[in-house]
Amino acid sequence: MTAINAETDIRVAIIAEPLEGVSSVEGQDGRSGAEVRFSGRVRDESGRVRALFLEHYPGMTENALTRIAEHARERWPLNAIEIIHRIGEIQVGEEIVRVVVWAGHRHAAFEACAFLMDILKSQVPLWKKELNDDGWHWVEARERDAEAAARWMGAASERAR
Amino acid sequence: MTAINAETDIRVAIIAEPLEGVSSVEGQDGRSGAEVRFSGRVRDESGRVRALFLEHYPGMTENALTRIAEHARERWPLNAIEIIHRIGEIQVGEEIVRVVVWAGHRHAAFEACAFLMDILKSQVPLWKKELNDDGWHWVEARERDAEAAARWMGAASERAR
Amino acid sequence: MNGTIIEVRFFAVLRERVGEEVLRVSPPAAVTTVAALCDWLTTEYPAVGIALEATPRRMVAINEELATPDSPVAAGDTVALFPPVTGG
Amino acid sequence: MNGTIIEVRFFAVLRERVGEEVLRVSPPAAVTTVAALCDWLTTEYPAVGIALEATPRRMVAINEELATPDSPVAAGDTVALFPPVTGG
């Protein structure tokens, strides 16, 4: 793989407070025609879920997020990447994760943002518990998340050229 | 095509003021696990562009935006769509357009948001002029934008099932 | 559709080249499509003819819906002619 | 690597099932991979054996990098065992 843009800024953070109070960098530098922002929020699953609790592996989580951002900037021409993940107890409707990608053009930004979420869900050491009426339960990993990540891996050699 | 979710909220607006002052609806209803937001901003093209001016076809623009949002909600299970396009003079770094899609899951939200931008760029009556050192010049349509829109059209019958 | 009125609107570079935003025209009955309307405008309004020739890549809308050169035009329609769109 | 120390960390449901966050262990020299370490832990620490058996789908990290059952482990390594991740 070639580093298309070694100057891509990367910012990652693990935060135990509501992300709603965390403002993202504004991409008003004149280079970034496209800004794609993903927010993952707590679903109530038709009332079944009352809250989530996110556990992580301190240190490794931040390193893993930086690593996947580095992979993204090797694959697409990007100007900046921000990944913020919340930990601890999170209420319905609140942000669990925010991924923002700034790029010259939109297709790179869309693809990189989707890539980051797919890889994050299968490779970054974070675990969810959900609070139901009968207490806390660990959330099982979903096969489709592993498949979504695997699709990017299969396409890697082709896309990296 | 089947209407997967006829209750998808649609909000479109054409605004002559900076979008930076326009807040988007927060998707905190417990249904939307995914929120994908695209902001298109004015690039300076390495200093060549000083500002843009956006002209539109009043009435038709709003109808066309509503139409493409309706197409998106027929193709993907979405909870809400917001499309805000700015007109008039827009400075470098400012938002030209904002498309936000709320959905239960991320892949639908990512695809629908990318679809809306691709179709918007080829079917909605808006035209850009750019201000260079030697004055205002109309921006030519790019072949790759037409191709990006055409790809969705080709995939329509397959994806709508 | 002799004696009937069609509103023709121009946008962006085409509006600038025509020098008008709107024309209200009464083409003869033989003019039943967008393409025929453009041909007739070219003969009747030299400024339109020059503008259309200078703008070979065009889009068209009839009553605010995208249309094609083959699309039928009828009395009371609003036909908009413009260059390929460049929003977003 | 007899006499050497490996730090074994558990997360999420595996941590709860083991009842410990961290074990500092000294496996015999024959234990040179993640898989061998898990087998040895199972015999030496019944609670770990029960927890691993109850959590057949697992991931592993060595010194904070994802690894596989075949990956080598050496003195001073931190080996983390956890269920498939579910962030995002």
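What you are looking at is a predicted structure, and each value in this text was computed from that prediction instead of being measured. Per-chain numbering applies: the sequence of each chain, read as written, is numbered from 1 onward. Chain letters and ligand numbers both follow the written order, the letters beginning at A and the numbers at 1. Local features in this predicted model are restricted to residues whose pLDDT is 70 or higher, and side-chain atom pairs enter the listing and the counts only when it is 80 or higher, whereas totals over whole chains, interfaces and linings include all residues. Side-chain metrics rest on all non-hydrogen atoms present in the structure, leaving aside hydrogens and water.

Participant: Give a description of the interface of chain B and chain A that names residues and reports values.
Facilitator: Between chain B and chain A, the contact holds 37 residues from the first and 37 residues from the second. Buried area counts how much accessible surface, traced with a 1.4 Å probe, disappears from two parts once they are put together, with both parts' losses summed. Where chain B abuts chain A, roughly 2800 Å² becomes buried across the two surfaces, and 49% of that area is made up of carbon and sulfur atoms. Of all residues in chain B, the largest losses of buried area upon contact with chain A belong to Arg41, Arg106 and Phe110 of chain B, amounting jointly to 24% of the total for that side. Criterion for a salt bridge: a side-chain nitrogen of Lys or Arg within 4 Å of a carboxyl oxygen of Asp or Glu. The interface formed by chain B and chain A holds 6 salt bridges in total. We note a salt bridge from arginine 106 of chain B to aspartate 145 of chain A, for which the minimum N-O separation is 3.3 Å. For the purposes of these results, a polar contact is taken to be a pair of N or O atoms within 3.5 Å, where, inside protein, one atom must be able to donate a hydrogen and its partner to accept one; residues adjacent in sequence count only when each atom of the pair is a side-chain atom. Summed over the shared surface of chain B and chain A, the number is 17 residue pairs in polar contact (both at pLDDT 80 or more). Labels follow the DSSP assignment, with helices taken as runs of H or I lasting at least four residues and strands as runs of E lasting at least two, numbered in each case from the N terminus. Elements with a minimum of two residues in the side of chain B that touches chain A: β2 (34–41), α2 (106–123) and α3 (143–154) of chain B. Amino acid classes used here: Ala, Val, Leu, Ile, Met, Phe, Trp, Tyr, Cys and Pro are nonpolar; Asp, Glu, Lys and Arg are charged; the rest, including Gly, are polar. Among the residues forming the side of chain B that touches chain A, the class breakdown is 10 nonpolar, 11 polar and 16 charged. Every residue pair with non-hydrogen atoms within 4.5 Å of one another is taken to be in contact.

Participant: With reference to specific residues and values, describe the relation of the copies chain B and chain A.
Facilitator: Turning chain B through 180 degrees and shifting it by 0.0 Å along the axis lays it on chain A, with an RMSD of 0.0 Å. Considering both components of the superposition, the chain copies are consistent with a two-fold axis. If distances are taken from each C-alpha of chain B to the rotation axis, the shortest is found for arginine 37 of chain B, at 2.5 Å. A share of 100% of interface residues in chain B that are also interface residues in chain A marks the association as one of identical surfaces. Least squares is the method used to superpose the copies, on C-alpha atoms of residues holding a pLDDT of at least 70 in both.

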